[in-house]
Amino acid sequence: MRLLERMRKEWFMIGIVLAIAGAKLEPSIGVNGGPLKPEITVSYIAVATIFFNSGLSLNTEELTSALVHIKLHLFIQIFTLAFFPAAVWLFLQLLSITPINEWLLKGLQTVGCMPPPVSSAVILTKAVGGNEAAAIFNSAFGSFLGIVVTPLLLLLFLGSSSSVPFTSIFSQLFMTVVVPLIIGQIVRRYIKDWLERKQPPFGAVSSSVLLMIIYTTFCDTFSNPSIDLDKFSLLLVLFIICSIQLSFMLLTFIFSTRNNSGFTPADTVAVMFCSTHKSLTLGIPMLKIVFAGHEYLSLISVPLLIYHPVQILLGSVLVPTIKSWMVSRQKGVKLMRPTV
């Protein structure tokens, strides 16, 4: 299963490149009013499909065992949905005096506002041998929180597009995100045994729909001749993203390993991944809703598209090192326990 998951993520990254390349070659297909009719198929049907799929695949029964660890959950949720966006905002005040494209900088802020992902943080925590139950709970709970908190953060730090008022944003979010998610959970209750027996490819379905959203977003970009993707800015954004991830992983490591933290080494692993990873699956559809009709939507989306593969690659590279640290710490704790 781990090999299949890794292959799926590699193909998804290739799919992102192909989707952007396809949009560059023939942008007229995916623009608003084009043959794909993204103003309907993407804005409503595709987004609703992703969240119905999430509701159908989310095993809420597995989360009950992790509910009692309130301190751990508070740390992760406050870090990822409060400290992270605030710290990025302060950092961007310094970067605003540089020649980096301002819309890419705004995109970096949107990354900070995103909730944790449902998949990558859990997979990496499991690969290390960390607290998988806590990772599952916080990824799922963070996704639920993100439905409300992320749009509010985006509106707070960036504002919405002038064509979409505040009430319309939340009514569309409710109809295309909350309702499908609830329906998915209700349907799951009735077909739970069949789902566990057949294990449908939920990840592949969401990835395919997400690629369609990415494709149509970039069709809008490449059909607008006034928008220019600055290569220098892109390289700087890539370096900034790597620096942010490594710095925040180190910061969460330091805080969660203090003597009075109350966290085990396995908890620390979950904290490091869940607090610093951001959801592309939830993020792109939300940006599509909050910034509907915005001519720079694709540029705003670019940092999140970069952040997604970088968090997986960096996490995978660090797995052996983190695992070695966790095992050594656990052995140390066992040796310190008095024998009876």
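The structure contained in this document is the topic of the report that follows.

Quick notes on the rules
- Residues numbered from 1 in each chain as written.
- Predicted model: local features only at pLDDT ≥ 70, side-chain atom pairs only at ≥ 80, totals over all residues.
- Heavy atoms only, no water.
- Helix = DSSP H or I, 4+ residues; strand = E, 2+ residues; numbered from the N terminus.
- Expected span 1.5 Å × (residues − 1).
- Buried < 20%, exposed > 50% of the residue type's maximum accessible area, 1.4 Å probe, protein only.
- Patch = residues over 30% accessible without salt bridge, like charges linked within 9 Å, V, L, I, M, F, W, Y side chains within 5 Å.
- Areas by Shrake-Rupley, 256 points an atom, 1.4 Å probe, with all protein chains shown as cover.
- Salt bridge = Lys/Arg side-chain N within 4 Å of Asp/Glu carboxyl O.
- Axes fitted to C-alpha atoms, helices over the stretch in contact; angles between N-to-C directions.
- Parallel < 35°, antiparallel > 145°, perpendicular 65-115°, else oblique.
- Left-handed = near helix turned anticlockwise from the far one by under 90°.
- Contact = heavy atoms within 4.5 Å.
- Nonpolar A, V, L, I, M, F, W, Y, C, P; charged D, E, K, R; others polar.
- Polar contact = N/O pair within 3.5 Å; in protein donor to acceptor, adjacent residues only side chain to side chain.
- Phe/Tyr/Trp six-rings, centres within 6.5 Å; stacked < 30°, edge-to-face > 60°.
- Lys NZ or Arg CZ within 6 Å of the ring centre and 35° of its normal.

**Section: helix α10 (residues 265–276)**
(1) Moving on: Taking 1.5 Å per residue as the helical rise, α10 with its 12 residues ought to reach 16 Å, and the 17 Å between its terminal C-alpha atoms agrees with that figure.
(2) Moving on: Extensive coverage of α10 is indicated by the burial of 12 of its 12 residues.
(3) Moving on: Within α10, the full set of buried residues consists of Pro265, Ala266, Asp267, Thr268, Val269, Ala270, Val271, Met272, Phe273, Cys274, Ser275 and Thr276.

**So, a nonpolar patch on the surface**
(1) Moving on: A surface patch of nonpolar side chains, about 360 Å² in accessible area, is lined by Trp11, Ile14 and Leu18.
(2) Moving on: The residue Ile14 is located in helix α1 (residues 2–25) in this model.
(3) Moving on: A relative accessible area of 40% places Ile14 in the partly exposed class.

**Let's talk about the packing of helix α3 (residues 70–95) against helix α9 (residues 231–256)**
For any two helices packed against each other, the geometry is given by the interaxial angle and the distance between the axes.
(1) Moving on: Where α3 contacts α9, the axes come no closer than 12 Å and their chain directions differ by 135°. Classified by the interaxial angle, the pair formed by α3 and α9 is oblique. Note that α3 runs across α9; the crossing there is right-handed. Across the interface between the two elements, Phe75, Phe79, Phe83, Phe84, Ala87, Phe91 and Leu95 of α3 pack against Ile240, Ile244, Phe248, Leu251, Thr252 and Phe255 of α9.

**With respect to helix α11 (residues 280–290)**
(1) Moving on: For α11, the buried fraction is high: 10 of the 11 residues fall into the buried class.
(2) Moving on: Every buried residue of α11 is listed here: Leu280, Leu282, Gly283, Ile284, Pro285, Met286, Leu287, Lys288, Ile289 and Val290.

**Structural notes on the packing of α9 against α10**
(1) Moving on: The interhelical angle for the contact between α9 and α10, taken along N-to-C directions, is 145°, at an axis separation of 9 Å. Pair α9 / α10 crosses with right-handed handedness. Where α9 approaches α10, its residues Phe248, Met249, Thr252, Phe253 and Ser256 are matched on the opposing element by Thr268, Val271, Met272, Phe273, Ser275 and Thr276.
(2) Moving on: Taken together, the residues of the contact of α9 with α10 break down into 6 nonpolar, 5 polar and no charged.

**What to know about the environment of Arg188**
(1) Moving on: Relative to the helices and strands, Arg188 is located in helix α7 (residues 166–198).
(2) Moving on: It is 5.2 Å that separates the C-alpha atoms of Arg188 and Leu56, two residues lying 132 residues apart in sequence.
(3) Moving on: A polar contact is formed between the side chain of Arg188 and the backbone oxygen of Leu56, at a distance of 3.0 Å.

**Observations regarding the packing of aromatic side chains**
(1) Moving on: Within the structure shown, the criterion is met by 8 aromatic pairs.
(2) Moving on: Between Phe75 and Phe79 the ring centres are 6.2 Å apart and the planes differ by 20°, which places this aromatic pair in the stacked class. Here the residue Phe75 and the residue Phe79 both occupy positions in helix α3, the gap between them amounting to 4 residues, near one helical turn.
(3) Moving on: For the ring pair Phe83 and Phe248, a centre distance of 5.9 Å and an interplane angle of 55° mean the geometry is tilted. With Phe83 in helix α3 and Phe248 in helix α9, this residue pair connects regions lying 165 residues apart in the sequence.
(4) Moving on: Exposure remark for Phe248: the relative accessible area of 11% places this residue in the buried category.
(5) Moving on: When the ring centre of Phe84 is taken as origin, the NZ or CZ atom of Lys278, which lies over that ring, is 4.3 Å away.

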